[in-house]
Amino acid sequence: MRYSFALFLIAVIGFLTPAVGQQINLALHKPVTATSEDKQYPAKNVVDGIINRKSKWMTSSGKAPHILEIDLQKYCNINEVDVYTGIPEAERTPAETTQAAGFWSAKNFRMQYWDDSNWTDFPNAEVLENRLVHVKFTFSPVITTYKVRFVCDDGEPINIMEIEVLGTEAPNMPLPPQITSNIKVVPNMADKDASITVNPQVVGKSLKFVGYNQGYFFPGSNVSGWLEYSNINSVRVWATMNAFVPENSVNINNNLKDVQEFDRLKNELRQSPEKNRFIQWNKLYPLYTKMDSSSTNAMVFNYTLAELKRLHIQALLQMNTNDFNDTWGNKWKQWQRFYALAYYAAKTGDVTMFAMQNEPNHVASGPMKLNQWIGGMQIVSDAVHCAVQDVNKKYGKNLQAKFVGPVTAGQNTDWWAGVIKAIRTDYHGKQIDHDLIDIFSTHSYNSPAAGYVTRVNNIRKVITDNHPLGNPLPIVFTEIGRWMNAYLIDKEETMDSPSLFTEWAGIYANNMNNGAYGMWAFKFANTASETYPRGIKSGHHLTWQGRRIVEDAYTDLALGKHVKASSESAQWPAKNITDGNKSDLSAWHSDSTSAEKWLEIDLGKTQKLGSAVMYTGSAAGVFTGPDRVKKFKLQYWANNTWKDIPGTEEKNCKYVQVFQQFKQAVTTDKIRWVSTDAGVVKVREIKVFAADDGPSSKPDFNISGIQRTGEVVRLFAKGFKNELPLLQTQSTITDSGLDTYTSYDQEKQTYYMWLVQRGLFDYHLNINLAGLPIEAGTPVIAETVGPRSYGEVTGIYPVPNDKNIRLNLGQQSVTLLTITAQASNKQIIPPVADAFVAGGKMAKKNFGTVQTLQVALNASKPENNRVSYLDFKIPAAKISGAKRIILRVNGKVDQGVAPFRLHVYGIPGKVWEQQKLNWTNAPLLDPKEALITMLGNRLL
């Protein structure tokens, strides 16, 4: 018995203690160093062997890069690294289960090892746009090292539950040297001084294209005016092939057997592009003059092409269909369809850039197999190039066709490599002397500025490594965004948030520094879709989604009325939801039970109701916050029972502000809001409106304003489109949160400086321009997007004799400096006439003698609306010879401390008199609302 017991003990000990060469977690309980850590969630948690949300490392800073270093203390052979990030599925609360995949996970990271002299990336150990909780990297052969690093470029605080480093201790290796970690802990936020020196040496060039993805675009809207204001030089126009060249408009020949027959039909069609037996143009022309709503970018195609051509904005035509196969009948059908649309677009709008099938590798918008896409590329590239050649021949144009592809979603190096390998093989299967893709395109989301330091260079390497001749290609992002909608919709950040628009500015800077060819921001305006029925949050400009809803213009029948609730507390009483205050401080909070929650409003008398608006969650804007209520409905009291109001039930609401028009008016004296969300729910306000009171049913797709990210795009486009030379710009400080770039526009003889500060402190800059041929006295004009500015001119600084400009670059701000090469005389021109007008019952009153102009918007009281007019007498010769024209208006607001946004429009010609101007005769003013008309047509 004693002998067998000893054997049993030996067996147990052998099981618990790994034998030499057995794989173990080498990182377990080893020393760690991090750039920052939350006191509650220290960095040591990533090596404690516990994988759950309570035992994690969380950074205390949102500034990238986030670095965590693990000292293995001995040389080890590593064959696997496992990273656990986010929240495990089993540990999520009911509210968290509805969030998009990977919402809490680290998005963009890589693993590195110390090679005894440098930090080197583990092979194939980088993840972009991660949506997983568990990410595994394996290595063969093994990597020998004694230190590993996790490096994350996310521009927000991150959490990592565990990092496992699997392998064995390396035999017969000495102990590693003791080297102090060089990780830089996040610095304090004290203001800093920095010197910037600009030299004339050309070190690169700016982007060729700074563009937008299309939004709504049709006659009667003001989109053209806002596009002109944006300074961009390209728009990605969305065209679904089934809508623009349906199959019944081309020759279908399923019996086509071989490439010879294909070529014969193609050559016949090209002999007479506009009159042939194949393309039925009589079916196509009407499609281009009517509204197309086949995508989320409703438009009139002819109008879109004409306006972009008038504005000298190049279109990139995104032509979508994934109906490709390897039969010659299919190839002939698709060749005709793409040829027809490319021919018409080139002929009508001088379009030269064409793309095939958006995100073919995405499960939702494709999916297409790689070989299927390559076969399509061979046909479509040929079709669009032939179409443009034929337009040139018939109409004497000199357009150069560009096929843009593969328009992929996210990081997909296998797709990229496969496409590039086939880039010189045509549809005959023959090797050719030119590339089928002229511009390489992909999409990128969910990375901050730091994530783009090497992104373009990494893509370029994939291209050159796989190109038959090792050639590079121009690289563009046909969609780019800080966050994709599925993530942004659950964040309190908006496109106005400094943490977001400064990252946008850095993304442009870093991609330009890498030599990118172009970027198309997603998206020009917040269009609606089935997934986002009230509009996407990532629109740089705001629209009214077909109806202008300004609920403050309507009488709130619930205001001040008595409220009962399923539960309430002294701090968060139910009465807060009818007090007229939509702020976070005046809200009702339910209890935390899983039972149904409800709010009952007693209207005091029976009334006929037609609509309501509800504000839930946090006051993060008209779109959404992570704590919004997702499941709720409205009921009304009738015949001594509660009845559902048809059409008001929300099953997965994506918005904090929900305006609902009832399918049928209801008559009642009480209304009830009911939610089945688990946990505490938060409601800030509920408003109820009469059946005859509410938004107009007339569609209105006008742009109603611009967000700060849109102003960032505008300023960058102003100084860094059209491949301008970039000049050497050196800083005395190395800071990944500070961007400094300078371009020179020879035609305008103007320098532009791009200054971005993403930190939470001010930079006091000294900008040395002595190396540039700039005269003393030349004005330096600063335009800024910041926490209290929206892209307006924030300073004019004359260049002193020593050519050193001293400038304060505020925290989380973006500034464009405009500097003309030659000094100019400044002339101040006052207005010769000025007056404001008022609406409502004041519409016919003239205010021409009032000394102070007024600007105000009050939707509920039209007589309080104010619009001001200024008239300047400037000779045409002065305007044409002016280097810069700046409108300076001094004023103050009469309430609050928040900055106000003012829209300023230019009206050519003299069209009003100061002593006669009123609301009814004011030029280009909407007769009812404080809105300007004819923007983009008569108005600037």
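Here's what I pulled together on the structure shown here. (Residues numbered from 1 in each chain as written. Predicted model: local features only at pLDDT ≥ 70, side-chain atom pairs only at ≥ 80, totals over all residues. Heavy atoms only, no water.)

1. With respect to the overall build of the chain
Helix and strand counts for the chain come out as 14 helices and 38 strands. Principal-axis analysis of the C-alpha atoms places the extent of the chain at approximately 110 × 80 × 75 Å. Counting across all 940 residues of the chain, residues that qualify as buried make up 55%. At a minimum sequence separation of 6, the contacts of the chain that also span at least 24 residues come to 77%. Here the chain displays about 41900 Å² of accessible surface, and carbon together with sulfur accounts for 51% of that area. For the chain, the distance from the average position of its 100 positive side-chain charges to the average position of its 89 negative side-chain charges is 5 Å. (Helix = DSSP H or I, 4+ residues; strand = E, 2+ residues; numbered from the N terminus. Buried < 20%, exposed > 50% of the residue type's maximum accessible area, 1.4 Å probe, protein only. Contact = heavy atoms within 4.5 Å. Areas by Shrake-Rupley, 256 points an atom, 1.4 Å probe, with all protein chains shown as cover. Lys, Arg positive; Asp, Glu negative; His and termini not counted. Charge placed at Lys NZ, Arg CZ, Asp CG, Glu CD.)

2. Let's talk about helix H7 (residues 328–349)
In an α-helix, one turn spans 3.6 residues, which is why side chains three or four residues apart end up on the same side. The end-to-end C-alpha separation of H7 is 31 Å, in line with the 32 Å expected for 22 residues at 1.5 Å each. Burial analysis of H7 places 20 of its 22 residues in the buried class, which makes it a mostly covered element. Looking one or two residues past H7, Asp-350 carries a phi angle of roughly 55 degrees, positive in sign. (Expected span 1.5 Å × (residues − 1).)

3. Some details on the pattern of salt bridges
Considering all chains together, one arrives at 39 salt bridges under this definition. A salt bridge links Arg-53 to Glu-96, with the shortest nitrogen-to-oxygen separation between them at 3.0 Å. Linking Arg-53 in the loop between strand E2 (32–34) and strand E3 (57–58) with Glu-96 in the loop between strand E4 (66–85) and strand E5 (109–114), this pair joins segments that are 43 residues apart in sequence. In this structure, Asp-121 engages Arg-110 in a salt bridge whose closest nitrogen and oxygen atoms are separated by 3.6 Å. Of the two residues, Asp-121 sits in strand E6 (residues 119–127) while Arg-110 sits in strand E5, which places them eleven residues apart along the sequence. In this structure Asp-121 comes out as partly exposed when scored by relative accessible area, which is 40%. The structure contains a network of salt bridges with shared partners spanning Glu-261, Arg-264, Glu-268 and Arg-277. (Salt bridge = Lys/Arg side-chain N within 4 Å of Asp/Glu carboxyl O.)

4. Let's talk about the environment of Arg-337
Looking at where Arg-337 falls in the secondary structure, it is placed in helix H7. Since its relative accessible area comes to 0%, Arg-337 is described here as buried. Spatially, the C-alpha atoms of Arg-337 and Met-519 are 27 Å apart, while their sequence positions differ by 182 residues. Aside from chain neighbours lying at most four places away, what touches Arg-337 is Met-241, Asn-242, Val-245, Pro-246, Glu-247, Val-250 and Thr-321. Within the local environment of Arg-337, its side chain forms a polar contact with the side chain of Asn-242, the two groups lying 3.0 Å apart. (Polar contact = N/O pair within 3.5 Å; in protein donor to acceptor, adjacent residues only side chain to side chain.)

5. Remarks on helix H12 (residues 498–513)
Between its terminal C-alpha atoms H12 stretches 22 Å, which fits the 22 Å expected from 16 residues at 1.5 Å a residue. Among the 16 residues that make up H12, 13 are buried, leaving the element largely enclosed by the rest of the structure. One or two residues past the end of H12 sits Gly-515, with phi positive at roughly 90 degrees.

6. Let's talk about the environment of Ala-43
Among the structural elements, Ala-43 can be located in the loop between E2 and E3. If near-sequence neighbours (up to four positions away) are discounted, Ala-43 is found in contact with Val-32, Ala-34, Glu-37, Trp-57 and Leu-68.

7. Things to note about the sheet that holds strand E11 (residues 234–240)
Read once around its circumference, the closed barrel built from eight strands follows the order E10-E11-E14-E15-E16-E17-E18-E19, with strand pairing classed as parallel. Within the sheet, the average angular offset between the axes of one strand and its neighbour, ignoring direction, is 25 degrees. For strand E14 (residues 314–320) and strand E15 (residues 353–356), the ladder comprises four bridges, and the chain directions are parallel. Paired with Gln-318 across the bridge in E15 is Ala-355. The sheet contacts of helix H6 (residues 301–310) involve E11 and E14, and relative to E11 the element is tilted by about 165 degrees. (Pairing = 2+ DSSP bridges. Axes fitted to C-alpha atoms, helices over the stretch in contact; angles between N-to-C directions.)

8. Some remarks on the sheet that holds strand E34 (residues 789–798)
Spatially, nine strands are ordered E34-E33-E36-E31-E30-E29-E9-E32-E35 in an open sheet, and the strand pairing comes out mixed. The open sheet terminates on both sides in strands that have one partner only, identified here as E34 and strand E35 (804–809). Strand-to-strand twist of the sheet, defined as the mean angle between neighbouring strand axes without regard to direction, takes the value 25 degrees. Strand direction decides the pairing type here: strand E33 (residues 779–786) and strand E36 (residues 813–820), joined by six bridges, are antiparallel. The partner of Ala-782 across the bridge, within E36, is Leu-817. In this fold helix H13 (residues 708–720) packs onto strand E29 (725–731), strand E30 (738–745), strand E31 (750–757), E33, E34 and E36, with an angle of close to 150 degrees to the strand it touches most, E33.

9. Re the packing of aromatic side chains
The full count for this structure, using the stated rule, is 54 aromatic pairs. Here the aromatic rings of Phe-244 and Tyr-288 are separated by 6.0 Å at their centres, their planes lie at 15 degrees, and the arrangement is stacked. Here Tyr-288 lies in the loop between helix H5 (281–284) and strand E12 (291–292) and Phe-244 lies in helix H3 (residues 241–244), a separation of 44 residues in the sequence. In terms of burial, Phe-244 and Tyr-288 fall into one category: buried. Above the ring of Tyr-487, the side-chain terminus of Lys-107 is found at 4.8 Å from the ring centroid. Between the NZ or CZ atom of Lys-670 and the centre of the ring of Trp-637, over which it lies, the distance is 4.5 Å. (Phe/Tyr/Trp six-rings, centres within 6.5 Å; stacked < 30°, edge-to-face > 60°. Lys NZ or Arg CZ within 6 Å of the ring centre and 35° of its normal.)

10. Quick look at the nonpolar core
If you look at the biggest cluster of nonpolar residues, it comprises 168 residues, and the most contacted ones within it are Leu-227, Phe-301, Leu-317, Leu-341, Leu-599, Trp-673 and Trp-754. Ignoring sequence-local partners within four residues, the contact set of Phe-301 consists of Val-237, Phe-244, Tyr-288, Leu-317, Leu-341, Tyr-344 and Ala-345. (Core = buried A, V, L, I, M, F, W, Y, C linked by side-chain atoms within 4.5 Å.)

11. What about the pairing of E14?
Counting buried positions over the seven residues of E14 gives six, a clear majority of the element. Each parallel crossover has a hand, and for E14 linked through H7 to E15 it is right-handed. (Right-handed = clockwise from strand over helix to strand, strands pointing away.)

12. Considering empty space enclosed by the protein
If a probe the size of a water molecule is rolled over the atoms, the empty space left behind becomes visible. This structure, assessed with the given rule, holds two cavities of 30 Å³ or more. Space inside the largest cavity adds up to approximately 50 Å³. Leu-128, Glu-129, Gly-410, Gln-411, Trp-416, Thr-442, His-443, Ser-444, Arg-455, Ile-459 and Phe-477 together form the lining of the largest cavity. Among the residues forming the lining of the largest cavity, the class breakdown is four nonpolar, five polar and two charged. The calculated volume of the second largest cavity comes to roughly 30 Å³. What lines the second largest cavity is simply Asn-213, Gln-214, Gly-215, Phe-217, Val-223, Leu-227, Val-235 and Phe-524. Among the residues forming the lining of the second largest cavity, the class breakdown is five nonpolar, three polar and no charged. (1 Å grid on protein atoms, 1.4 Å probe; cavity = no way out; pocket = protein on both sides within 12 Å on 5 of 7 lines; lining within 4 Å. Points joined across faces, edges and corners; volume = space filled by probe spheres on them. Nonpolar A, V, L, I, M, F, W, Y, C, P; charged D, E, K, R; others polar.)

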